[in-house]
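# Topology and contacts: notes
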Amino acid sequence: MYVSANKHWLKEKIVVHDDNTGGKIIKKVEQGENAEYFVYKDRLMYIEDTDDKVKEICKLPNDIVGILVKDKDILLYDNNSNIYNAISGRERVKILSTWGDIYLEDKNIYILNNKVDYEKYDLNGKRIF
């Protein structure tokens, strides 16, 4: 049975970034509270709004595919399907090993695997469903 995207019951959770829903997809560049974060190979970099200097936050063992920023939490997704939380932009902690389409909404991580399985985690990597 075909269900169009605008009628799907998960459409409010699986969206491209939209100011109306607050959902975010993984990107290479993301605007934070006081800085712009971006990925350079295996490094997370940022430019503060005040001084426009480029600084390195952290380095991962693998290349970073993209980032998601929510308040002081910065989620990093590497090319080995690991998700790290760079808490307050300084300490990085591996929270998940998974693959699929990753979305961030409110204080939750949503992962759509194989376009069938749908999982929800908190920002510490604890599975909710």
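Note: the structure precedes this text.
In this numbering scheme, every chain counts its residues from 1 along its sequence in written order. Local features in this predicted model are restricted to residues of pLDDT 70 or higher, and side-chain atom pairs are both shown and tallied only at a pLDDT of 80 or more, whereas totals for entire chains, interfaces and linings draw on every residue. Water and hydrogen atoms were dropped before computing side-chain values, which therefore reflect all heavy atoms in the structure.

We count a stretch as a helix when DSSP gives it H or I for four or more residues in a row; a strand needs E for two or more, and each element gets its number in order from the N terminus. When you line up the elements, Glu-30 lands in strand 2 (residues 29-31). Relative accessible area decides the class of each residue, using a 1.4 Å probe on protein chains only: under 20% of the type maximum gives buried, over 50% gives exposed, and in between gives partly exposed. Owing to a relative accessible area of 8%, Glu-30 belongs among the buried residues under this scheme. Residues Glu-30 and Leu-68 lie 38 residues apart in sequence; the distance between their C-alpha atoms is 6.9 Å.

Ordered in space as 1-10-11-12, the 4 strands form an open sheet in which the pairing is antiparallel. Edge positions in the sheet fall to strand 1 (24-25) and strand 12 (117-122), since each of these pairs with one other strand and no more. At least two bridges found by DSSP between two strands are what make those strands a pair. Relative to strand 11 (residues 108-113), strand 10 (residues 101-105) runs antiparallel, the two being bridged by 5 bridges. Bridge pairing in strand 11 links Ile-102 to Ile-111.

Right, let's get into the environment of Asn-79. By secondary structure assignment, the location of Asn-79 is in the loop between strand 7 (73-78) and strand 8 (82-87). The partly exposed category is assigned to Asn-79, whose relative accessible area is 45%. Taking the C-alpha atoms as reference, Asn-79 lies 9.9 Å from Pro-61; in sequence the two are 18 residues apart. Contact definition: two residues touch when any of their heavy atoms are within 4.5 Å. Apart from the residues lying within four places of it in its own chain, the contact partners of Asn-79 are Asn-62, Asp-63 and Val-65.

In short, the description is geometric, and any link to function would need to be established separately.
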